Amino acid sequence: MDVANLSTGQSLMLSEKLFNKVTEIINQLLVSTGAKTVLFCESNGYAVTQVGAVREFDLHALSSLAANNFSATAKMAGMLGEDDSFKYLYHEGEKASLYISNIGFNFILIVIFEVDVALGIIRIFTKKAIVELAKELQKAQDEGEQTRQLLDKEFKSLLSQELDRSLKF
Amino acid sequence: MFINHALQEINFKIVYYGPGLSGKTTNLEFIHNYLHPSMKSELVTLNTREERTLYFDFMQLHLDRINGKKPRFNLYTVPGQVYYRFSRKIILKGVDGIVFVADSQKARMSENLDSLLDLETNLIEMGHTLQTFPWIIQYNKRDLHNVETINVLQTKLNFFRTTHFETVATTGANVLPTLKTMINEIITKIEVLA
């Protein structure tokens, strides 16, 4: 897997093996904490994998908002002289709360939990999960895991046809 | 671009850039209204009290599977006003293609130019340039009476001779062809790089 910093015009890939490992870790986090939902997103807001209750909200919109929220606060951290982004963001609601952390440069973790779950539990287990996720991401990078090429020549013409059909040109 | 092999998802990011009130949000609103519910996410708008874009607008367009692959396009707008430059930089992170929405009105030429130069400055900081990056220019508000001619707009704004469209985002005229062409240019660019 390519886990280099994602910048404009570059691509990032996540293999099936790593996807399964990540899903296993966040599922363990969900079970350990009693959180409602755990989302693993790419830092530009692409939802990657999620466990728990996810049908109650728009996954893609939430991922985009969380990722851009995190990026904005990282900029604020820089303005305050911090070398790195803030470690986490915590938003407390009356019914549900959000705990957002980064995993290196390329991914973020969003934990949604209800009032009956203590913040301390979320913090402890999320920290543990982040260590495990970072280890798996690093391992994939060290192994130089190769991903299969998805974008072949045929894809472009089929995509064009699908756009014509979907957008009804 | 982000590829999730397990789910066979290919994700792209397209940003609508341009000066304040040029029609970026209106582009997204038209696209969102046009699409079938099964093809789109919620349209997220983060506005000021005056209904101007504060941070960004967002929606995702998802197409049916193509050879088993699911293409998804995350569409963003940036806030156009000059003082939101940090927000624009954040939104540009990881962008695959840019639609520059210019305001065709004669009085808005300098704002168009300022925004275009702001875009180029940001791209250069990210190691790119408009000369090579996939982008399209949209001359919007062609229905108004005080608009500049296409020749003048092309000369003053489209110095890299990228693809251009004449649009009326409020009615949707040429909004979808702009999006389709943008997507094709991104895919072509990826083929070239591969």
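Located above this text is the structure these notes cover.
A brief structural summary. (Residues numbered from 1 in each chain as written. Chains lettered and ligands numbered in written order. Predicted model: local features only at pLDDT ≥ 70, side-chain atom pairs only at ≥ 80, totals over all residues. Heavy atoms only, no water.)

## A short note on the packing of aromatic side chains
Stage number 1. Evaluated as defined, the whole model comprises 12 aromatic pairs over all chains.
Stage number 2. A ring pair is formed by Phe-159 of chain B and Phe-160 of chain B, whose centres lie 5.3 Å apart and whose planes are at 75°; its orientation type is edge-to-face.
Stage number 3. For Phe-159 of chain B, a relative accessible area of 42% puts it in the partly exposed group.
Stage number 4. Using a relative accessible area of 30% as the deciding quantity, one classes Phe-160 of chain B as partly exposed.
Stage number 5. Here the aromatic cluster, defined as three or more aromatic residues joined through ring pairs, consists of Phe-40, Tyr-46 and Phe-107 of chain A together with Phe-2 of chain B.
Stage number 6. Over the aromatic face of Tyr-76 of chain B sits the side chain of Lys-13 of chain B, whose NZ or CZ is 4.8 Å from the ring centroid.
Stage number 7. When the ring centre of Phe-86 of chain B is taken as origin, the NZ or CZ atom of Arg-85 of chain B, which lies over that ring, is 4.9 Å away. (Phe/Tyr/Trp six-rings, centres within 6.5 Å; stacked < 30°, edge-to-face > 60°. Buried < 20%, exposed > 50% of the residue type's maximum accessible area, 1.4 Å probe, protein only. Lys NZ or Arg CZ within 6 Å of the ring centre and 35° of its normal.)

## Topic: helix α1 (residues 16–33) of chain A
Stage number 1. Along its 18 residues, α1 of chain A runs 26 Å from first to last C-alpha, staying within 8% of the 26 Å computed at 1.5 Å per residue.
Stage number 2. The set of residues buried in α1 of chain A consists of Leu-18, Phe-19, Val-22, Thr-23, Ile-25, Ile-26, Leu-29, Leu-30 and Thr-33 of chain A. Axial view of α1 of chain A: buried residues confined to an arc of 165°, hence all on one face. Those residues of α1 of chain A that are exposed and angled more than 90 degrees off the buried face are Lys-17, Glu-24 and Val-31 of chain A.
Stage number 3. Contact partners of the buried residues in α1 of chain A: β1 (12–14), β2 (37–42), β3 (47–52), β6 (107–114) and α3 (119–142) of chain A together with β1 (2–4) of chain B. (Helix = DSSP H or I, 4+ residues; strand = E, 2+ residues; numbered from the N terminus. Expected span 1.5 Å × (residues − 1). Arc of directions from axis to C-beta. Contact = heavy atoms within 4.5 Å.)

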